[in-house]
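Take a look at the letters that make up each chain.
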Amino acid sequence: MSQHRQPGAPGRAGAVPALPDLPEATVARLPEYLRALHNLADAGHETVSSEGLSAAAGVNSAKLRKDLSHLGSYGTRGVGYDVALLIEQIEYVLGLTQRRAVALVGVGNLGHALAGYDGFASRGFRIAALLDADPSRVGEEINGLVVRHVDELPAVATEESIAIGVIATPAAAAQRVADQLVSVGVTSILNFAPCVLSVPEGVDVRKVDLAIELQILSFHEHRKASLTALPATGGSALTALPGGLAATDTQEAIGT
């Protein structure tokens, strides 16, 4: 879930080619394509059809072709896409040609798990610093890194050239941490705290709320139960809604 997206800056003369102005939905799918392509490369595949790649990534093949056309990649008729070349193109667009340093703030249960996750390194990210406000956590070693006090963030940001901040604190502390990250020049934040952050223009925030994802799944479970409970005749049954309203099961299922 993206909280803010700043339009891409125009390319500079003499710099690398300007990035395409991609739809947000396309950007969200590129990492899925990249993961599928790496799996195909590891399995020894040099080329892949749009149908094969779409199946591996779990998306519609027409949507995949449209997404990749934004990158200027159309594949070769009868051959498909060059796996290595497409990996290179997507990694360039996603900015993964350099390993980005990440500061993780909050090393409670969730933060501790994130700090110990080995998958970041293989995706182009380096957890460079762990920080917490709890004195009992400071000095603890997790996955080879010593937890530092969050007040050391300015020094850490300079020492490690922090590019991205990850917030894994309780909601009550998240805004303060976001302000601290912004004050030291961090303009990309991944927020695991269950709250909405207020950030200046030019700062991008991605929000991960596991409870919200579970609530969405609960909706789908509710919907499936409602549909299977419809009368065998195919008629519409009325269901009482909170507040004294009434809706058919089908209306309740789709939220209309």
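Thresholds applied
- Within every chain, residues take consecutive numbers counted from 1 along the sequence as written.
- Local features in this predicted model are restricted to residues of pLDDT 70 or higher, and side-chain atom pairs are both shown and tallied only at a pLDDT of 80 or more, whereas totals for entire chains, interfaces and linings draw on every residue.
- Only hydrogens and water are set aside; all other atoms, that is, all heavy atoms of the structure, feed into the side-chain values.
- UniProt positions are given in the numbering used here, feature names are shortened, and annotations may be inferred rather than shown by experiment.
- Strands here mean DSSP runs of E at least two residues long; helices mean DSSP runs of H or I at least four residues long; both are numbered from the N terminus.
- Relative accessibility under 20% of the residue-type maximum defines a buried residue, over 50% an exposed one, and the middle range a partly exposed one, all with a 1.4 Å probe and only protein chains included.
- For this analysis, a polar contact is any N or O atom pair within 3.5 Å, provided that within protein one partner can donate a hydrogen and the other can accept it, and provided that sequence-adjacent residues contribute only side-chain to side-chain pairs.
- When the centres of two rings from Phe, Tyr and Trp lie within 6.5 Å, Trp using its six-membered ring, the rings pair. Their planes under 30 degrees apart give stacked, over 60 give edge-to-face, and anything left gives tilted.
- For cavity detection a 1 Å grid was placed over the protein atoms alone, and a set of points counts as a cavity when a 1.4 Å probe fits there but cannot get out; an open set counts as a pocket when protein lies on both sides within 12 Å along at least five of seven lines, with lining residues being those that have an atom within 4 Å of a point.
- Grid points are joined across faces, edges and corners, and a volume is the space filled by probe spheres set on the points.
- Gly is placed with the polar residues, together with every amino acid not listed as nonpolar (Ala, Val, Leu, Ile, Met, Phe, Trp, Tyr, Cys and Pro) or charged (Asp, Glu, Lys and Arg).

Caption draft 1: Here's a closer look at the UniProt feature "DNA-binding region" (unreviewed entry) in the protein chain. Following the UniProt record, one finds the feature "DNA-binding region" (unreviewed entry) at residues 32-71. Secondary structure within residues 32-71 divides into 70% helix and 5% strand; the distance between the first and last C-alpha atoms comes to 15 Å.

Caption draft 2: Just the side chain of Asp209, in detail. Residue placement: Asp209 occurs in the loop between β10 (204-207) and α9 (210-228). By relative accessible area, which is 13% here, Asp209 ends up buried. Side-chain polar atoms of Asp209 contact the backbone nitrogen of Ala211, separated by 3.0 Å.

Caption draft 3: Structural context of the packing of aromatic side chains. Across all of its chains, the model carries one aromatic pair by this definition. A centroid spacing of 4.9 Å and a plane angle of 90° characterise the contact between Tyr117 and Phe120, whose relative ring orientation is edge-to-face. Overall, Tyr117 belongs to the partly exposed group, its relative accessible area being 47%.

Caption draft 4: Examining empty space enclosed by the protein more closely. What the rule picks out here adds up to one cavity of 30 Å³ or more. As a volume, the largest cavity reaches approximately 40 Å³. In terms of lining, the largest cavity is formed by Leu104, Leu114, Phe120, Ile127, Val166, Leu190 and Phe192. A class-by-class count of the residues in the lining of the largest cavity yields seven nonpolar, no polar and no charged.

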